[in-house]
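Tertiary structure, described
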Amino acid sequence: MKFIPTITLLLAITLSGSFLHASEKTVIYIDVIGKAEFEVIYHRATSNATGVAIAGLIGAGIQAGIESSKDESKTDEIQPMIENNSWKEYFLDTLNNKLESRNFEAEWIDSEEKLSEGLILKIYPDNYGFKIIDTSTMLMSAYVDFNATLTNLDKRETEGKKKNFYITSRDRRSYEDLSSNKMFLNTGLQAALTKAAKRVANKIIYNNEV
């Protein structure tokens, strides 16, 4: 009986130490470099290279210019209906919440900050928006395209390999439906951006890489 208090005390210390160890968080610094551009890819996605067949590279260049101009018109029509903070709210906030839920402490940094240790996730936004997914039905889907690197400064001095992420939502709608319904536009983007953020977070959580 004399040893019970001692055993109890050791057990309490052990459990306490295990709890503290389990509660320790891995700090990951997040740096967003550049700004995502909203874009609609419609006519360019249905190009059949007619210009090349008719007039070679010059014809193809003229055709590409026409298609790009038509897509710009569609972009200008849809973009005012897109929520201004959609990239931050749907992608960055989801990424932050997902990481913190799995014992990571996310800290946002400026590109000019110099760090000597820890994990650094760099996000290089490219573009996001809507594009033709099925040319037979002319249905469109929200998409997001960006690059990312994860660098462990404790193990390497140079930036990790840049990986490309291209994610689309499962929702498919016609351009007419999208251009006439603000809710369709923003829920589609939310699905694509949230899916992309979770994809990045899961790669870091389970593989310690992107």
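None of these values were measured; they are calculated from a predicted model.

**Structural notes on the overall build of the chain**
Along its length, the chain carries five helices and six strands. Helices (α) and strands (β) of the chain occur, in sequence order from the N terminus, as α-β-β-α-α-β-β-β-β-α-α. Across the 210 residues of the chain, 39% fall into the buried class. Taking the contacts inside the chain whose residues are at least 6 apart along the sequence as the reference set, 74% of them involve residues at least 24 apart. When the accessible surface of the chain is summed, it comes to about 12600 Å², and 52% of that surface belongs to carbon and sulfur atoms.

**Side note on the packing of aromatic side chains**
In total, this model carries nine aromatic pairs according to the counting rule given. Between the aromatic rings of Trp 87 and Phe 146, the centroid separation amounts to 6.3 Å while the plane-to-plane angle is 80°, which identifies the pairing as edge-to-face. Residue Trp 87 is located in helix H3 (residues 86-101), and its partner Phe 146 is located in strand S5 (residues 139-152); the two are separated by 59 residues in the primary sequence. According to the relative accessible area criterion, Trp 87 is buried, its value standing at 11%. Through pairs of rings, three or more aromatic residues link up here, namely Phe 38, Trp 87, Phe 91, Tyr 128, Phe 130, Phe 146 and Phe 165. Directly above the aromatic system of Tyr 124 lies the positively charged group of Lys 162, at a separation of 4.0 Å from the ring centroid. We note Arg 173 situated over the ring of Phe 184; from NZ or CZ to the ring centre the distance is 3.5 Å.

**Here's the deal with the pattern of salt bridges**
For side chains of opposite charge, pairing can occur when their charged atoms come near one another. Overall, the coordinates contain five salt bridges when judged by the stated rule. Here Arg 44 ties to Asp 71 by a salt bridge, and the two come within 2.6 Å at their closest N and O atoms. One end of the pair, Arg 44, is in the loop between strand S2 (37-41) and helix H2 (50-78); the other, Asp 71, is in helix H2, with 27 residues separating them in the sequence. Residue Arg 44 is classed as partly exposed on the basis of its relative accessible area of 30%.

**Here we look at the nonpolar core**
Grouped together as the largest cluster of nonpolar side chains are 45 residues, with contacts concentrated most on Phe 91, Leu 121 and Phe 146. Per-element accounting of this core gives the leading share, eleven residues, to helix H5 (residues 182-207). The contacts of Leu 121, once residues within four sequence positions are left out, are Ile 28, Tyr 29, Ile 30, Asp 31, Leu 95, Ala 148, Thr 149, Leu 150, Val 200, Ile 204 and Val 210.

**Some remarks on the confidence of the model for the chain**
Summarising the model, the chain shows a mean pLDDT of 82, and 80% of its residues fall at 70 or more. Of the regions scoring below 50 in pLDDT, residues 1-22 engages in one contact with residues more than four places distant in sequence or in other chains.

**Details of the environment of Gln 79**
In this structure, Gln 79 sits in the loop between H2 and H3. Using a relative accessible area of 37% as the deciding quantity, one classes Gln 79 as partly exposed.

**Some thoughts on the pairing of strand S1 (residues 26-32)**
Strand residues, when the strand is regular, have side chains that alternate between the two faces of the sheet. In the sheet, S1 pairs with strand S3 (residues 104-108) via five bridges, with the strands oriented parallel. In the strand pairing of S3, Ile 30 is matched with Trp 108. Two strands pair when backbone bridges link them, and S1 and strand S4 (residues 119-134) are joined in this way by five bridges, in the parallel orientation. Of the residues in S4, the one forming a bridge with Ile 30 is Leu 121.

**A closer look at the packing of H3 against H5**
Two numbers describe how H3 lies on H5: the axes approach to 8 Å, and their chain directions differ by 30°. Between H3 and H5, the angle falls in the class roughly parallel. Like other packed secondary-structure pairs, H3 and H5 cross with a definite hand, here right-handed. When H3 is examined against H5, the residues Ser 86, Trp 87, Tyr 90, Phe 91, Thr 94, Leu 95, Lys 98 and Leu 99 are found in contact with a partner set consisting of Asn 186, Gln 190, Leu 193, Thr 194, Ala 196, Ala 197, Lys 198, Val 200, Ala 201, Asn 202, Ile 204 and Ile 205. Grouping the constituent residues of the contact of H3 with H5 by class yields twelve nonpolar, six polar and two charged.

**Concerning unusual backbone geometry**
A positive phi angle, near 70°, is found at Asn 103, a position not held by glycine. Among the structural elements, Asn 103 can be located in the loop between H3 and S3.

Parameters at a glance
- Residues numbered from 1 in each chain as written.
- Predicted model: local features only at pLDDT ≥ 70, side-chain atom pairs only at ≥ 80, totals over all residues.
- Heavy atoms only, no water.
- Helix = DSSP H or I, 4+ residues; strand = E, 2+ residues; numbered from the N terminus.
- Buried < 20%, exposed > 50% of the residue type's maximum accessible area, 1.4 Å probe, protein only.
- Contact = heavy atoms within 4.5 Å.
- Areas by Shrake-Rupley, 256 points an atom, 1.4 Å probe, with all protein chains shown as cover.
- Phe/Tyr/Trp six-rings, centres within 6.5 Å; stacked < 30°, edge-to-face > 60°.
- Lys NZ or Arg CZ within 6 Å of the ring centre and 35° of its normal.
- Salt bridge = Lys/Arg side-chain N within 4 Å of Asp/Glu carboxyl O.
- Core = buried A, V, L, I, M, F, W, Y, C linked by side-chain atoms within 4.5 Å.
- pLDDT = per-residue confidence, 0-100.
- Pairing = 2+ DSSP bridges.
- Axes fitted to C-alpha atoms, helices over the stretch in contact; angles between N-to-C directions.
- Parallel < 35°, antiparallel > 145°, perpendicular 65-115°, else oblique.
- Left-handed = near helix turned anticlockwise from the far one by under 90°.
- Nonpolar A, V, L, I, M, F, W, Y, C, P; charged D, E, K, R; others polar.

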